[in-house]
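One-letter residues, chain by chain:
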Amino acid sequence: MEVHGNPFSTSTQRVLACLYEKDVEFQFVNVDMAGEHKSENFLLLNPFGQVPAFEEGDLKLFESRAITQYISQEYNDKGTQLLLPGSNKTMAVLQLWKEEAHHFNPPSTKLVFELHYKPFFGMATDAAVVEESEAELAKVLDVYEARLAESKYLACDHFTLADLHHLPNIQYLMGSSAKKLFDSRPHVSAWVAVITARPAWSRVLDMQKQKL
Amino acid sequence: MAAIKVHGSPLSTATQRVLACLYEKGVDFQFVSINMAAGEHKSDNFLALNPFGQVPAFEDGDLKLFESRAITHYVAHEYADKGTQLLIPGSNKEAAVLTLWQEVEAQQFNSPSSTLAWELFYKPFFGTATDAAKVEENETKLGKVLDVYETRLSQSRYLASDYFTLADLYHLPNIQCLLATSAKKLLESRPHVNAWVKEITARPAWSKVLAMQKQ
């Protein structure tokens, strides 16, 4: 298995977290975000020119959530159980909470860009975007607060891909002024503390230290 | 009374996604119309079905779901043996190709096409002014996505394989909106994309979804 990506990219981290949870061997191929992800070679792996890209034998994949889904199914019997096995009705609950892409992801991605990446690259934060995105994310987190009051993790009583997919954006936001949105909601706050403390996630963060 | 209920609006792209899937599978369902103009999707009753206050919401017996792609995923699996085969059965590697193109729709196609549908289709419908800068920005974004599709569809008859699957179906609602606007040029100017669009929008199940708008 090969993962082509960058340890500072949230999408790459999503895949790395999954691989560490499943405890499967893989080779990490660093992609220099100064432009390597737009090179002809990389475009063969992902025509959208984005990290990560993934290979296993003759299977080539991109889109972090397609990669994590494949890994979780193919290595179902290894490491952490990241799916919700059972009837179609049971599995549907995981699918539902895996749709984080449509509610949590848009405002949190904008905030990560404004509050983490822009300062890191010496660019000016857009306060209006921050305000608007915080308001949007707050509404999503209100729904999460109610859900996590009834369920230990988003989809069920154990950690699954639905929770894992949130880790990269949450980690960056907890290092920014937006952390107040999480801290002020008790069930969300407890869930954040638990999922970010997972050993597999610490291994992802360690990869960033190697690169600095 | 059908065990399956869909709460939504025939004008909502997300609702149409679910309806298309149900018609492809040929399963009975009851449609419960939600009055969006009156704000019914924000009422306490509806929030009990979908706490995000968006259509559609879905019930199958005691299962309650929301998110159109989660609903269609469930329907396609639960009724795998009925109607059109919308999945790719087989190994995890074979199924992964479907998941990939479903993610491409959700992560790459959906955002610019939804913004264009809002600016060029829904806003005029509601009498609000179109934002020309947003249109230009999103036409450029969508153009780049469709360039990838053009290459893919020159190698594969449908996005994920040689037959119609959920990955193609997910695109129908936004594509139908764009075909009624100036943005249709983006689809028509790419030969393989254009051919694919014509095929998928001509499916009988999709015509049934469009017929619901006329009721």
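This is a predicted model, so every value here is computed, not measured. (Residues numbered from 1 in each chain as written. Chains lettered and ligands numbered in written order. Predicted model: local features only at pLDDT ≥ 70, side-chain atom pairs only at ≥ 80, totals over all residues. Heavy atoms only, no water.)

A.B. asks: Would you mind going over the interface of chain B and chain A with me for this structure?
C.D. replies: By a widely used convention, the size of an interface equals the accessible area lost when the partners come together. At the junction of the two partners, chain B supplies 31 residues and chain A supplies 30 residues. Taking both sides of the interface into account, the surface hidden between chain B and chain A amounts to around 2800 Å²; carbon and sulfur atoms contribute 67%. A per-residue breakdown of the area chain B buries against chain A is headed by Phe52(B), Asn92(B) and Lys93(B), which together make up 22% of the total. The tally of links between chain B and chain A comes to one salt bridge. In this structure, the salt-bridge partner of Lys89(A) is Asp62(B), at a minimum N-O distance of 3.7 Å. Applying the counting rule to chain B against chain A returns nine residue pairs in polar contact (both at pLDDT 80 or more). Within the residue set of the side of chain B that touches chain A, elements represented by two or more residues are β4 (63–66), α3 (68–78), α4 (92–126) and α5 (132–155) of chain B. At 11 residues, α4(B) tops the list of elements feeding residues into the side of chain B that touches chain A. (Contact = heavy atoms within 4.5 Å. Buried area = accessible area lost by both parts, 1.4 Å probe. Salt bridge = Lys/Arg side-chain N within 4 Å of Asp/Glu carboxyl O. Polar contact = N/O pair within 3.5 Å; in protein donor to acceptor, adjacent residues only side chain to side chain. Helix = DSSP H or I, 4+ residues; strand = E, 2+ residues; numbered from the N terminus.)

A.B. asks: Just checking my understanding: could you explain the sheet that holds strand β2 (residues 30–33) of chain B for this structure?
C.D. replies: Sheets are built from strands paired through backbone hydrogen bonds, the pairs being either parallel or antiparallel. Residues and elements named next belong to chain B. With mixed pairing, four strands are arranged side by side in an open sheet as β2-β1-β3-β4. Two strands bound the open sheet, and with one partner strand each, they are β2 and β4. Ignoring strand direction, the axes of neighbouring strands in this sheet form an average angle of 20°. As defined by bridge partners, strand β1 (residues 4–8) adjoins strand β3 (residues 57–60) across four bridges and the pair is classed as antiparallel. Within the sheet, the bridge partner assigned to lysine 5 lies in β3 and is glutamate 59. (Pairing = 2+ DSSP bridges. Axes fitted to C-alpha atoms, helices over the stretch in contact; angles between N-to-C directions.)

A.B. asks: Could you clarify how one ought to interpret the layout of surface pockets in this entry?
C.D. replies: To find leftover empty space, a probe the size of one water molecule is rolled over the atoms. In this structure, the second largest pocket spans a volume of roughly 780 Å³. Taken together, 37 residues form the lining of the second largest pocket, with Gln69(A), Gln73(A), Gln95(A), His73(B) and His77(B) sitting closest to its centre. Those elements giving two or more residues to the lining of the second largest pocket turn out to be α3 (64–74), α4 (88–97) and α5 (100–103) of chain A together with α3 and α4 of chain B. Residue contributions to the lining of the second largest pocket peak at nine residues, all from α4(B). (1 Å grid on protein atoms, 1.4 Å probe; cavity = no way out; pocket = protein on both sides within 12 Å on 5 of 7 lines; lining within 4 Å. Points joined across faces, edges and corners; volume = space filled by probe spheres on them.)

A.B. asks: What is the right way to read the domain arrangement of chain A from this model?
C.D. replies: All names here are of chain A. Here chain A is partitioned into domain 1 (2–82) and domain 2 (88–198). Domain 1 puts 15 residues into the contact, and the matching count from domain 2 is 17 residues. Of the roughly 1300 Å² buried between domain 1 and domain 2 on both sides combined, carbon and sulfur atoms contribute 52%. When the buried surface of domain 1 facing domain 2 is broken down by residue, Arg14, Arg65 and Leu82 rank first, second and third, together holding 41% of it. At the junction of domain 1 and domain 2, the tally comes to two salt bridges. (Domains from an automatic or database assignment.)

A.B. asks: Help me understand the UniProt feature "domain: GST N-terminal" (unreviewed entry) in chain A, please; the structure alone is not making it clear to me.
C.D. replies: Look at the UniProt record and you will see "domain: GST N-terminal" (unreviewed entry) annotated at residues 1–79 of chain A. Between the end C-alpha atoms of residues 1–79 of chain A there is a gap of 16 Å, over a span that is 38% helix and 20% strand. (UniProt positions renumbered as here; feature names shortened; annotations may be inferred.)

A.B. asks: Teacher, can you tell me more about the domain arrangement of chain B here?
C.D. replies: Residues and elements named next belong to chain B. As far as domains go, chain B holds domain 1 (5–86) and domain 2 (92–207). On a C-alpha basis, the centroid separation for the pair domain 1 and domain 2 is 21 Å. Each partner contributes residues to the interface: domain 1 has 16 residues there, and domain 2 has 18 residues. Together, the buried faces of domain 1 and domain 2 total about 1500 Å²; carbon and sulfur atoms form 61% of this surface. Sorting the residues of domain 1 by area buried against domain 2 places Arg17, Arg69 and Leu86 first, and these three jointly supply 38% of that buried surface. Run the count over domain 1 and domain 2 and you get three salt bridges. The salt bridge involving glutamate 105 is made with arginine 17; its shortest N-O contact spans 3.7 Å. Those elements that provide at least two residues to the side of domain 1 that touches domain 2 are α1 (13–25) and α3. In terms of residue count, α1 provides more of the side of domain 1 that touches domain 2 than any other element does, seven residues in total. Of the residues in the side of domain 1 that touches domain 2, the class split is six nonpolar, seven polar and three charged. (Nonpolar A, V, L, I, M, F, W, Y, C, P; charged D, E, K, R; others polar.)

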